[in-house]
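Descriptive analysis of the structure
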Amino acid sequence: MFAKIEAALEDIKNGKMVIVVDDGGLENDGALVMAAEMTSKESINFMMKYGKGLISIALTQERVEALDIPQMVGNDSKSLFDLSVDYVETKNGISAEERALTINKLLERGESKSNFRTPGHMFIVKSVKGGTLKRASKVEVAVDLPILSGLDPSGIICDILNEDGSMAKLPELIELAKLQDLKIISIEDLIAYRRGSECYVVRAADAKLPTAYGFFNMVGFVNKLNGEHHVALVKGEISETDEVLVRVHSECLTGDAFHSLKCDCGEQLASALAAIEKEGKGILLYLRQEGRGIGLINKIKAYKLQEEGMDTEEANIALGFPADMRDYGIGAQILSELNVRKLRLMTNNPKKLIGLRGHGIEVVERVPLIMETNLYNQKYFNTKKEKMGHLY
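What counts, and at which threshold
- Along each chain, residue indices are assigned from 1 in the same order as the chain's sequence is written.
- Thresholds applied to this predicted model are a pLDDT of at least 70 for local features of residues and 80 or more for the giving and counting of side-chain atom pairs; totals over whole chains, interfaces and linings are not thresholded and use all residues.
- To obtain the side-chain values, all non-hydrogen atoms of the structure were included, while hydrogens and water were left out.
- The way it works is that DSSP assigns letters per residue, a run of H or I at least four long becomes a helix, a run of E at least two long becomes a strand, and they are numbered from the N terminus.
- Throughout, exposure labels follow a simple rule: accessible area from a 1.4 Å probe, protein chains only, divided by the maximum for the residue type, with under 20% read as buried, over 50% as exposed, and the rest as partly exposed.
- The contact criterion used is simple: two residues touch if any of their non-hydrogen atoms lie within 4.5 Å.
- Methods summary: accessible areas were calculated by the Shrake-Rupley approach with a probe of 1.4 Å, and residue burial reflects only the protein chains presented.
- By the counting scheme adopted, Arg and Lys are positive, Glu and Asp are negative, and His together with the chain ends is not counted.
- Every charge is mapped to an atom, namely NZ of Lys, CZ of Arg, CG of Asp or CD of Glu.
- You can read pLDDT as the predictor saying how much it trusts each residue, on a scale of 0 to 100.
- We define a polar contact as two N or O atoms separated by no more than 3.5 Å, with the added condition that, inside protein, one atom must be a possible hydrogen donor and the other a possible acceptor, whereas residues neighbouring each other in sequence contribute only through side-chain atom pairs.

1. As for the overall build of the protein
The helix and strand tally for the protein stands at 14 helices and 14 strands. Its C-alpha atoms put the protein at 75 × 45 × 40 Å along the principal axes. Counting only residues that meet the buried cut, the protein has 50% of its 392 residues in that class. Summarising the internal contacts of the protein: among those between residues at least 6 apart in sequence, 67% fall at separations of at least 24. Counting every atom, the protein has about 18500 Å² of accessible surface; 53% of that belongs to carbon and sulfur. On the protein, the mean spot of the 49 positive side-chain charges and the mean spot of the 57 negative ones are 3 Å from each other.

2. Quick notes on the confidence of the model for the protein
Where the model shows low pLDDT, its predicted coordinates should not be examined in detail. Mean pLDDT for the protein: 90, with 95% of residues reaching 70 or above. Note on residues 74–79: pLDDT is under 50 here. Beyond four places in sequence and across chains, it has 5 contacts.

3. A closer look at the environment of Gln-333
Tracing the backbone shows Gln-333 in helix H12 (residues 329–337). The exposure class of Gln-333 is buried, given its relative accessible area of 1%. For the pair Gln-333 and Val-201, spaced 132 residues apart in the sequence, the C-alpha separation amounts to 6.9 Å. Side-chain polar atoms of Gln-333 contact the backbone oxygen of Glu-198, separated by 2.8 Å.

4. Quick word on H12
Judged by how many residues are buried, H12 sits mostly within the fold: 8 of 9 residues are covered. Along H12, the residues classified as buried are Gly-329, Ile-330, Gly-331, Ala-332, Gln-333, Ile-334, Leu-335 and Ser-336. Residue Asn-339 follows H12 closely and has a positive phi angle near 80°.

Structure (structure tokens):
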């Protein structure tokens, strides 16, 4: 049903459009998306005929700022839309030919807002830096696809409507794709493709770190998309041929620093460092994703809900989050930067094995970390085992 991202990129590069949905859900809406620089009156007419929805152009924040066209809603930085425009030389701006002209002029680097009338018939939407890795929306897809195809970072979007004017859902989108020989892709798949093929971490600092467990080289990394800082404690010289003993540890202030009895995080951290020291070579990767990714304040709120009877998974969900929001793709990228190609992973979480695949990394063995339970974390252990699939 869904095309591979590589195949969709080939179509985008050749001037074709693709249908984009959020994921595999039957109730997903869809949109036609193509590279803006490949726009013609024929492609706009196609969108008007088969898409029937609003046609907009997605531009980078830098391009929107260069054009200096005001936002549609006052000065609200959260607004996606800038004012709609027509190129000054168009007659009324509404025909397929004149909309295509307006699009082409919006891409020309010498053009400015003085060459556009507003309001008009082309709606400008602004993508965020980092694209779908920062915000999962069709706007970001419309910019990501041309970038990945080697084209100008801008795209055209048209929501797809049924004949009766209702939003087309996946079954109708599949029929349209068959009828017009279009590929369907999901935002979910594009994000997975980008996470598996791009590196968005930078090695920023190194220093020696003596600890109670031994001497390590501390390496700091910065996530270029959101500015988060992550740290790796490296023992020994790492070669691409090594099967490296690794612990990927998500930040837990309460367990790691305050030695909370509600979890076993601090004990796992200490056990992993001791194991790496004994091995004489290995990596402790410390990721800044507190509370399984929900952050410290929300973690404290989750603790309160647990006091009222919820388990750790139910508490996260009650706060409006998934049970686990951690991103192990960032860990795979950091390990790759540290020359790791094969690793023996210290974990009880099978999802972590899946999350670390990519960037040329192979998990050759799972090394369990078994801690003793206590009066305060027995329910926590049971939830991880029975509902989250942890192996003990």
